[in-house]
Amino acid sequence: MLMKTLQSKTPEVVQVRMANALLLLAEGLPVEDVAGLLYLDEPTVAGWQKIFARRKRSAA
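Numbering of residues begins from 1 in every chain and follows the order in which that chain's sequence is written. For a predicted model such as this one, the threshold for reporting local features is a pLDDT of at least 70, and the threshold for listing and counting side-chain atom pairs is 80 or more; totals across whole chains, interfaces and linings nevertheless cover every residue. Water and hydrogen atoms play no part in the side-chain values, which are based on all heavy atoms of the structure.

**Some details on the overall build of the protein chain**
Part 1 of the argument: Secondary structure follows DSSP: runs of H or I at least 4 residues long count as helices, runs of E at least 2 residues long count as strands, and numbering of each begins at the N terminus. Looking only at helices and strands, the protein chain features four helices and zero strands.
Part 2 of the argument: Start at the N end of the protein chain and walk to the C end: the helices and strands fall as α-α-α-α.
Part 3 of the argument: Referenced to the eigenvectors of the C-alpha coordinate spread, the extents of the protein chain come out at roughly 40 × 25 × 15 Å.
Part 4 of the argument: Burial status across the protein chain gives 20% buried among its 60 residues. Whether a residue is buried, partly exposed or exposed follows from its accessible area with a 1.4 Å probe, protein chains only, as a fraction of its type maximum: under 20%, in between, or over 50%, in that order.

**Looking at a negative patch on the surface**
Part 1 of the argument: Patches here: salt-bridge-free residues with over 30% relative accessible area, like charges joined within 9 Å, nonpolar side chains (Val, Leu, Ile, Met, Phe, Trp, Tyr) joined within 5 Å. Residue exposure ignores everything except the shown protein chains as possible cover, and the areas themselves are Shrake-Rupley values with a 1.4 Å probe. Note on definitions: salt bridges are taken to be side-chain nitrogens of Lys or Arg within 4 Å of carboxyl oxygens of Asp or Glu. Two residue types count as positive, namely Lys and Arg, and two as negative, namely Asp and Glu; His and chain ends fall outside the count. In this description, the location of a charge corresponds to atom NZ of lysine, CZ of arginine, CG of aspartate or CD of glutamate. A cluster of acidic residues, Glu32, Asp33, Asp41 and Glu42, forms a negative patch on the protein surface.
Part 2 of the argument: On the secondary structure map, Glu42 appears in helix α4 (residues 42-59).

**Focus on the layout of surface pockets**
Over the atoms, a rolling probe the size of a water molecule traces out where space has been left empty.
Part 1 of the argument: For cavity detection a 1 Å grid was placed over the protein atoms alone, and a set of points counts as a cavity when a 1.4 Å probe fits there but cannot get out; an open set counts as a pocket when protein lies on both sides within 12 Å along at least five of seven lines, with lining residues being those that have an atom within 4 Å of a point. Grid points are joined across faces, edges and corners, and a volume is the space filled by probe spheres set on the points. Reported here for the largest pocket is a volume of approximately 180 Å³.
Part 2 of the argument: Around the largest pocket, the lining residues are Leu6, Gln7, Ser8, Lys9, Val14, Arg17, Tyr39, Leu40, Asp41, Thr44 and Trp48.
Part 3 of the argument: The residue inventory of the lining of the largest pocket, partitioned by class, reads five nonpolar, three polar and three charged. The nonpolar class holds Ala, Val, Leu, Ile, Met, Phe, Trp, Tyr, Cys and Pro. Asp, Glu, Lys and Arg form the charged class, and all remaining residues, Gly among them, are polar.

**Some thoughts on the nonpolar core**
Part 1 of the argument: The criterion is simple. A nonpolar core is a set of buried Ala, Val, Leu, Ile, Met, Phe, Trp, Tyr and Cys residues joined through side-chain atoms within 4.5 Å. Counting residues in hydrophobic clusters, the biggest one holds eleven residues: Met18, Ala21, Leu22, Leu25, Val31, Val34, Ala35, Leu38, Leu40, Val45 and Trp48.
Part 2 of the argument: Elements that contribute at least two residues to this core include exactly α2 (11-26), α3 (31-37) and α4.
Part 3 of the argument: In terms of residues, this core owes the most to one element, α2, which gives four residues.
Part 4 of the argument: Residue contacts are defined here by distance: any two heavy atoms, one from each residue, within 4.5 Å place the two residues in contact. Beyond its immediate chain neighbours, meaning those up to four positions away, Leu22 contacts Trp48, Gln49 and Phe52.

**Quick notes on the confidence of the model for the protein chain**
Part 1 of the argument: Residues at a pLDDT of 70 or more form 100% of the protein chain, whose mean pLDDT is 93.
Part 2 of the argument: When pLDDT is averaged over each element of the protein chain, α3 comes out on top at 98 and helix α1 (residues 2-6) at the bottom at 85. You can read pLDDT as the predictor saying how much it trusts each residue, on a scale of 0 to 100.

Take a look at the structure:
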């Protein structure tokens, strides 16, 4: 049941998971560790990191 909730693709769940991943990355954790902690795959975390970096650059 809990894993099904974590794997939900609703925008709200994805946004919360992305925010958690980005906060952990900002603390200096490597992509591999963040993926393991949040039950995500590494390409997903790395992709979110790239999206955030692009948005951050365009906002500056």
